[in-house]
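Here's the letter readout for the chains.
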Amino acid sequence: MIAFLPVIISACSDDDDDDLIGKWYRVSDMDGLARNYASSFTIGNKGYLICGNDGKNRLSDCWEYDMERDTWTQKADFPGTARNSAVAMAVDEKGYLGTGYNGTNYLNDFWEFNPTTNTWAQKADFPGSGRYGAVAFGVNGKAYIGCGYDGTTGIKKLPQLVWGSFLFY
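Residues numbered from 1 in each chain as written. Predicted model: local features only at pLDDT ≥ 70, side-chain atom pairs only at ≥ 80, totals over all residues. Heavy atoms only, no water.

(A) Molecular detail of the sheet that holds strand S1 (residues 39-43). In spatial order, the strands read S1-S2-S3-S4; together these four strands make up an open sheet with antiparallel pairing. Each edge of the open sheet is held by one strand with a lone partner, namely S1 and strand S4 (71-75). Recorded for the sheet is a direction-independent mean angle of 25 degrees between the axes of neighbouring strands. The pairing of S1 with strand S2 (residues 46-53) spans five bridges and is antiparallel. Bridged to serine 40 within S2 is leucine 49. (Pairing = 2+ DSSP bridges. Helix = DSSP H or I, 4+ residues; strand = E, 2+ residues; numbered from the N terminus. Axes fitted to C-alpha atoms, helices over the stretch in contact; angles between N-to-C directions.)

Spelled out as structure tokens, the structure:
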């Protein structure tokens, strides 16, 4: 039996960074507190940064980055419990944030942000256990959330959320 293994030959040089796809550019600094474990989503050409932890306190502020103007604007504060490690995603021109950890509890509440009116509205709770560090994304008018940690075990399931009727299955 003869096996053929593919061989990849690569050469390195000082000019390798010229071959990289894309370039990073510095943009304006956010006016809010530096933080970790924040959540984010994008709607159109704007990015939103919500909640997080500044090393001492959990935060509930919301910031919008406008990439055309290279500016940050503080938006309506997140009205739920201040938290870190929440999930966030955009679906149909609205942003959603939920789950996370408030320092005591693993959360499963969910909220909708309307950038047109700069308002938050509470939605149906996520039906799974409260958790932090989950993953989420929106595709074709639906949001998907899965994984995370609920305080006792890592979660591997990927349930589906249907935002139109606010049902989970």
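(B) Layout of the nonpolar core. Grouped together as the largest cluster of nonpolar side chains are 13 residues, with contacts concentrated most on Phe41, Tyr48, Ile50, Phe78, Leu97 and Trp120. At the level of elements, S1, S2 and strand S7 (106-114) are the ones that each hand at least two residues to this core. With three residues, the single largest contributor to this core is S2. Apart from residues no more than four positions distant in its own chain, leucine 97 is found in contact with Ser39, Ile50, Cys51, Phe78, Arg83, Ala86, Val87, Ala88, Asp109, Phe110, Trp111 and Trp120. Counting residues in hydrophobic clusters, the runner-up holds nine residues, among them Val87, Met89, Phe110 and Ala143. (Core = buried A, V, L, I, M, F, W, Y, C linked by side-chain atoms within 4.5 Å. Buried < 20%, exposed > 50% of the residue type's maximum accessible area, 1.4 Å probe, protein only. Contact = heavy atoms within 4.5 Å.)

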